[in-house]
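# Architecture at a glance
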Amino acid sequence: MGRRICGLAVVFAACAFGQTAEDFFSDKVLHDIRITIHPKDWNALVENYLDNTYYPATLEWRDLVIENVGIRSKGRTSRRATKPGLRVDFNRYEEQEFLGLKAVLLDNNVSDFGMMRERLASILWREMGLPAPRETHARLFVNGKYMGVYTLLEDTDKRYLRQWFKEDSGWLYEFVHRDSYRFEYLGSDPEAYVPVLFKPETNESHPEGEVIAEMLRVINQSSDQDFPKAIEEYLDVKAFLTHMAAESYVAEWDGILSDAGVNNLYFYRFSGGKRGMVLFKDKDLSFNGIEYEVLKNAGNNVLMRRLMAVPDWKAFLYDEIRRAAALAGATDGLLDQQVQVIYGQIREAALADELKECSNGVCPVYESNAEFERHVEFLRDFARKRADEVVRQLGLMQ
Amino acid sequence: MTPLPRILLGVFMAVAPLLAQDTEQEKEQAEKEPANKGVRSVWKKHPSFRAGDWLRVDFRARFQLDWITRDPETKPGGGLFDFTRKRLAIEGTFLRWFEYEVSRELSETDFPWKDVYGNFKLNRSVQVRGGRFRIPFSQDQLTGPTNLDFIDRSRIADRLAPNRDTGAMAHGSFFEGGALKYQAGYFFNDGDNAADRNNNRTGENTAALRLTGRPLSKSGLFGSLTLGGAFNRAGVPEGLVSLRGRTTGKETFFSEVFVNGTRMRTGAEFSWTPGPFALKAEFISVREQRLGQGLRQEDLPDLLERGWYVYGTWAITGQNKARGLARGRGWLLGGKNRFGALELAVRAESIRFASDTNAGRPSRTQRAANILQTSDRAWTFGVNWYANQWVKAQANFTREYLEDAFRAPIQGVNLYWVYKYRLQLSL
């Protein structure tokens with residue numbers, strides 16, 4: 001009964017046991033999340049894992065129970081029937097929140113064999129002063145069955161915007177990947193960009209795609225002389241370059257400079273103006289190699305090419321990459337320590353996770369356990385050696 | 001509008017007044033004529049082919065053109081012209097004992113075949129009908145679209161009554177003037193109205209019973225007063241297939257929930273048509289079981305769908321409602337029906353969706369034990385003009401208030417107005 005009473009109380013974001021969202025995302029412990037869902041709904045979600053259909057469920061965390069939440073399969077390339085990534089919307093059916101949150105995400109870590117890249121990346125982003133979601137790890141149980149280790153992270157929504165920017169009335173877009181698109185100008189028609197490339201997450205009824213179109217016109221067509229001033233009107237350039245420095249440091253091959261074109265970003269345009277900022281999204285394919293080329297594909301991306309043609313910004317970018325290296329550290333540095341901490345938290349649960357995958361897909365658990373250990377070892381190696389490698393490459397580039 | 005209906009519409013408008021002939025005169029003439037035993041064609045209200053008294057084939061057609069606007073607008077594009085019905089039918093009798101009807105709706109792809117049945121009539125008390133036709137439930141649902149006093153049926157008839165299905169039914173009437181009528185039947189499924197969004201039938205093995213009576217049939221003023229009751233029961237397979245709530249504007253305000261077990265309907269109806277007035281009312285209650293539909297597979301309280309309507313009409317031009325207002329062939333060409341009949345109508349109604357108990361926190365999920373109640377309460381104000389027996393024009397203004405704005409067509413907006421205008425041509 002005590003659980004139930006508390007569960008009802010969290011509807012109003014206040015619980016008798018004094019838990020907060022900070023506790024929910026605390027990275028000090030491995031959390032347990034329990035979801036109760038009708039077995040037929042779960043089977044339907046698994047069978048139709050490519051759909052975004054919501055199903056009613058109950059979520060339990062510690063002593064808190066929140067009923068009537070909506071869950072659906074999530075992810076792009078990481079969508080799986082065996083171990084679905086989940087989006088949990090607390091307000092799907094009710095005007096309710098859970099510890100002040102409207103939604104949380106449960107990443108299935110199937111593309112991240114060491115299961116901690118996303119969380120490590122978010123730590124570095126925050127260290128660099130950039131917005132990044134709070135992330136931690138959790139064991140997920142669905143109808144009592146252990147589904148494995150998931151990354152629990154907060155949603156990029158209005159509450160997130162308020163937390164970082166003290167405002168939420170601007171325009172938040174989620175970038176939709178299109179093969180080989182690298183910020184080219186596609187004409188003045190706003191519908192060429194919104195919602196096909198920039199999907200509105202706020203202000204959906206008036207997404208103001210014309211501002212996006214104008215920004216891309218400036219990126220592509222402004223003269224070299226006008227470009228530095230003109231682009232500043234639409235983009236917080238220094239924040240963008242810091243973001244790119246972080247992506248370069250963590251060897252992100254599925255980000256803005258990916259081989260296949262721009263991917264994995266949010267863009268937030270602040271209220272009361274045209275200026276916006278690129279935000280963190282999905283870094284579970286980062287840490288792609290200690291020797292991964294710094295600023296790989298930068299020359300192919302229109303925006304990066306033009307920014308780097310401005311000497312001051314190029315210098316700033318290089319400085320930010322060096323700063324990332326300094327913050328991440330080498331042996332016993334920030335990332336090395338975090339790998340050790342996270343490994344200690346999740347190792348036992350990860351080894352018991354029979355649904356985790358190997359690099360060649362679904363595999364016996366003894367193989368995936370070996371792969372998990374290998375990848376953790378690789379991440380430890382990355383944490384210790386990447387800084388020197390990045391500095392070395394920068395030296396060659398200059 | 002496609003060319004064919006446009007042409008038909010034009011021809012109708014042009015021809016109808018020219019066919020003017022006083023109906024009373026026509027009747028008198030018909031009475032003077034000896035019974036014709038041969039093969040012949042007749043055009044009175046509609047074209048008819050007759051062979052002696054053993055075969056009768058009536059050709060029927062109905063066209064309804066609607067103009068709809070909404071405030072606030074819930075669909076893109078604003079006002080909408082819609083050929084709601086383009087229906088062709090044949091009906092008639094064969095060998096005195098058999099009646100039949102075959103009708104097809106040309107403007108619909110979901111359920112294009114409407115009534116397709118044969119009826120064996122031993123006498124007026126013992127008749128058997130087989131085929132596809134309306135499950136006997138709800139006087140509003142059983143009223144043909146040509147004769148509706150409002151453009152749209154009541155919400156309860158539209159959403160809770162089953163409509164047509166394939167099956168068999170015994171029916172008949174007793175006492176003088178058919179003062180007591182019965183209908184009892186079995187149907188394979190649970191009617192077109194209970195189909196899901198993909199038009200799959202959601203119920204099976206429906207048993208239906210309806211009784212109506214005129215307890216004061218020998219009283220002059222109250223002779224038309226009719227009371228009735230109906231019950232039906234269908235099996236409902238497990239799934240997201242409950243009945244759902246839709247507004248007059250065809251917007252969903254209560255989505256399906258998971259059900260499993262049986263669907264039971266009970267209904268009560270009232271009708272009285274003294275002189276130029278009509279007063280009708282109906283109550284329908286539907287109970288759908290939700291066996292094993294809780295998150296932990298526990299049984300959930302039944303889903304309850306209930307509603308009522310009351311409406312009144314007044315033919316301000318004075319014609320007798322019970323005899324029908326769609327009479328006469330002329331219009332502006334003389335005779336006592338030269339201006340047709342003008343009728344005012346008003347309807348109050350409510351439909352509500354909730355669970356059988358209200359224990360626990362109410363919720364909108366499809367598996368909530370305590371379903372958060374919502375309802376649609378509506379007022380419809382109408383004007384009907386019966387130009388003659390073929391042409392009818394209607395205007396309806398409906399105000400709908402949705403209790404739960406969260407599930408409203410425009411989230412957060414409770415109040416909706418729907419303005420509908422209809423021109424109807426029927427043979």
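Residues numbered from 1 in each chain as written. Chains lettered and ligands numbered in written order. Predicted model: local features only at pLDDT ≥ 70, side-chain atom pairs only at ≥ 80, totals over all residues.

## With respect to the sheet that holds strand S11 (residues 276-279) of chain A
All names here are of chain A. The strand order across the open sheet formed by 4 strands is S9-S8-S10-S11, and the pairing between neighbours is antiparallel. Of all the strands in the sheet, just strand S9 (198-200) and S11 have a single pairing partner and so form its edges. Taking each pair of neighbouring strands and ignoring which way they run, the sheet shows an average axis angle of 30°. Note: strand S8 (residues 171-175) against strand S10 (residues 266-269), 4 bridges, orientation antiparallel. (Pairing = 2+ DSSP bridges. Helix = DSSP H or I, 4+ residues; strand = E, 2+ residues; numbered from the N terminus. Axes fitted to C-alpha atoms, helices over the stretch in contact; angles between N-to-C directions.)

## So, the sheet that holds strand S1 (residues 31-36) of chain A
All names here are of chain A. The strand order S1-S2-S3-S4-S5-S7-S6 describes a closed barrel built from 7 strands, whose pairing is mixed. Between one strand axis and the next, the sheet turns through 40° on average, direction left out of account. Bridge analysis of S1 against strand S6 (residues 135-142) gives 5 bridges, and the strand direction is parallel. The residue bridging Ile33 from the neighbouring strand is Leu140, located in S6. Across the sheet, helix H11 (residues 334-351) touches S6 and strand S7 (145-154), and the angle it forms with S6 is around 15°. (Contact = placed C-beta atoms within 7 Å.)

## Things to note about the domain arrangement of chain A
All names here are of chain A. On domain assignment, one finds that chain A holds domain 1 (2-156), domain 2 (159-320) and domain 3 (328-397). Measuring from the centre of the C-alpha atoms in domain 1 to the corresponding centre in domain 3 gives 23 Å. Counting from both sides, the interface comprises 20 residues of domain 1 and, opposite them, 24 residues of domain 3. Listed by contribution, the elements that provide at least two residues to the side of domain 1 that touches domain 3 are helix H4 (117-127), S6 and S7. Sorting elements by how many residues they give to the side of domain 1 that touches domain 3 places H4 first, with 5 residues. (Domains from an automatic or database assignment.)

## Some remarks on the interface of chain B and chain A
Interfaces are often sized by the amount of accessible area the parts lose when they come together. Opposite the 11 residues of chain B that make contact, chain A presents 13 residues. Taken together, the residues of the side of chain B that touches chain A break down into 3 nonpolar, 4 polar and 4 charged. (Nonpolar A, V, L, I, M, F, W, Y, C, P; charged D, E, K, R; others polar.)

## Digging into the packing of H11(A) against helix H12 (residues 365-397) of chain A
Residue and element names in this part refer to chain A. At their nearest, the axes of H11 and H12 sit 9 Å apart, and the two run at 170° to each other. In terms of orientation, H11 and H12 fall into the roughly antiparallel class. Counted together, Leu335, Asp336, Val339, Tyr343, Ala350 and Leu351 of H11 and Asn369, Phe372, Val376, Leu379, Arg380, Ala383 and Arg384 of H12 form the full contact between these two elements. By residue class, the composition of the contact of H11 with H12 is 9 nonpolar, 1 polar and 3 charged. (Parallel < 35°, antiparallel > 145°, perpendicular 65-115°, else oblique.)

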